[in-house]
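The lines below spell out each chain.
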Amino acid sequence: RRSFWIHGTYGTGKTYAAIVLKHLFEDEVGEIEDFLNKPSLTQFKRRFLKIRAKGEFLVTWKSGVTDIKSGTHLMMEMEVAIKDRLKQQFGDKAYYGRSSLINAAKDAVFNDIINWDYVFDSPQYGLSDEYEDLEEFREAVKRDDYSAISVVKNVCDDHNLAMFANTVDKFEEWIKDIIAGNDLQDTGIFFIWDEFTGFLRDCGDDNVLQRLSELCKQADAPFFLCLIVHRDPTWVDQLGGETYERILHRYHELEYHITESAAYDLKIGRAHV
């Protein structure tokens, strides 16, 4: 049991492949059956329909990693995306879990152990420049505004408080809680993240990414990542070829290449320019 890593150069169809996967996991089974009747796919039909017969998957789609500079931020973004998808799929019956990273921030911003009036006026955090008053800042945290939540985490870290300690453990516990609470034990969460390249470029072989790749191997946590990466020699060389290969070994890897016919068309097209 491993998550999935789709990589290749631009224009090779990675995003399209991910969109097809998304539809395969969430569209009506009858529509899937028709699609899988294509001659090139019939060998997979029986196995895939057996997977779909287990029940509903929670398929979450996200694209781009703009301004995500840490593993904690990555997990918070995943939490928001999963909660949005839960709302879409289960409506009023959705279960959002008890203890999560964002919930920890919401609790912390009202915790009297921190003098939030002092924090708000402190030039160290610049909150008074961005928010009219402390109440407005707290409202931003309550509505899942990441920039506000990030300040809460920094304040807790500066005060040596354990509210954000062991963030990966907390996220894993929340994932398991979400799976159990929404009866996804037999299916799971399938998180597709297109254009994931920026996180690798900015954060490298982040420990959080490694831990999350291990999560799906646990029997009580059917949680699968599908990361879509534009592999460019420039940033791969900067990261280190060996490091990149080490990351790949944690996943089912699929590399997309431009087809010979497409390459021929591009060559002919350039010849006419």
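Details of the structure are given in the entry above.
Below is a summary of the structure that appears in this document. Keep in mind that what you see is a predicted model, and the values were worked out from it rather than measured.

## With respect to the layout of surface pockets
Reported here for the largest pocket is a volume of approximately 1,200 Å³. Taken together, 32 residues form the lining of the largest pocket, with F4, L21, F25, F48 and I51 sitting closest to its centre. Considering each element in turn, the lining of the largest pocket owes the most residues, six residues, to helix α1 (residues 14–26). Taken together, the residues of the lining of the largest pocket break down into 23 nonpolar, four polar and five charged.

## A few points about the packing of helix α10 (residues 167–181) against helix α12 (residues 207–215)
Orientation of α10 relative to α12, taken along the N-to-C sense of each, is 30°, at an axis distance of 11 Å. Relative to α12, the element α10 is oriented roughly parallel. In this structure, the crossing between α10 and α12 has a hand that is right-handed. Along the contact surface, α10 presents V168, D169, F171, E172, I175 and K176, while α12 presents V208, R211, L212 and L215. Tallied by class, the residues present in the contact of α10 with α12 amount to six nonpolar, no polar and four charged.

## Considerations on the pairing of strand β1 (residues 3–8)
For β1, the tally of buried residues reaches five of six residues, placing the bulk of the element in the interior. One ladder, built from six bridges, connects β1 with strand β5 (residues 251–256); its direction is parallel. Note that in β5 the partner of F4 across the bridge is H252. Two strands pair when backbone bridges link them, and β1 and strand β4 (residues 223–230) are joined in this way by five bridges, in the parallel orientation. From the neighbouring strand, F4 faces β4, where its bridge partner is C226.

## Quick look at the packing of aromatic side chains
All chains considered together, the criterion is met by 11 aromatic pairs. Where W116 meets F137, the ring centres are 6.2 Å apart and the plane angle is 40°; that geometry is what we call tilted. Taken as a pair, W116 in helix α6 (residues 116–121) and F137 in helix α8 (residues 134–142) lie far apart in primary sequence, 21 residues in all. Per residue, the accessibility class of W116 equals that of F137, and both read buried. Through a chain of ring-to-ring contacts, three or more aromatic side chains come together here, namely F4, F25, F48, F57 and F190.

## Some remarks on the environment of K217
Here K217 is to be found in the loop between α12 and β4. Spatially, the C-alpha atom of K217 lies 26 Å from that of F90, the residues being 127 residues apart in sequence.

## Brief notes about the pairing of strand β3 (residues 189–194)
Most of β3 is tucked away, with six of its six residues classed as buried. Neither face of β3 is open: one carries I189, F191 and W193, the other F190, I192 and D194, and all of them are buried. One ladder, built from six bridges, connects strand β2 (residues 58–63) with β3; its direction is parallel. Among the inter-strand pairings, K62 is bridged to a residue of β3, identified as W193. With five bridges connecting them, β3 and β4 associate as parallel partners. Looking at β4, one finds that I189 is bridged to F223.

What counts and how
Residues numbered from 1 in each chain as written. Predicted model: local features only at pLDDT ≥ 70, side-chain atom pairs only at ≥ 80, totals over all residues. Heavy atoms only, no water. 1 Å grid on protein atoms, 1.4 Å probe; cavity = no way out; pocket = protein on both sides within 12 Å on 5 of 7 lines; lining within 4 Å. Points joined across faces, edges and corners; volume = space filled by probe spheres on them. Helix = DSSP H or I, 4+ residues; strand = E, 2+ residues; numbered from the N terminus. Nonpolar A, V, L, I, M, F, W, Y, C, P; charged D, E, K, R; others polar. Axes fitted to C-alpha atoms, helices over the stretch in contact; angles between N-to-C directions. Parallel < 35°, antiparallel > 145°, perpendicular 65-115°, else oblique. Left-handed = near helix turned anticlockwise from the far one by under 90°. Contact = heavy atoms within 4.5 Å. Buried < 20%, exposed > 50% of the residue type's maximum accessible area, 1.4 Å probe, protein only. Pairing = 2+ DSSP bridges. Phe/Tyr/Trp six-rings, centres within 6.5 Å; stacked < 30°, edge-to-face > 60°.

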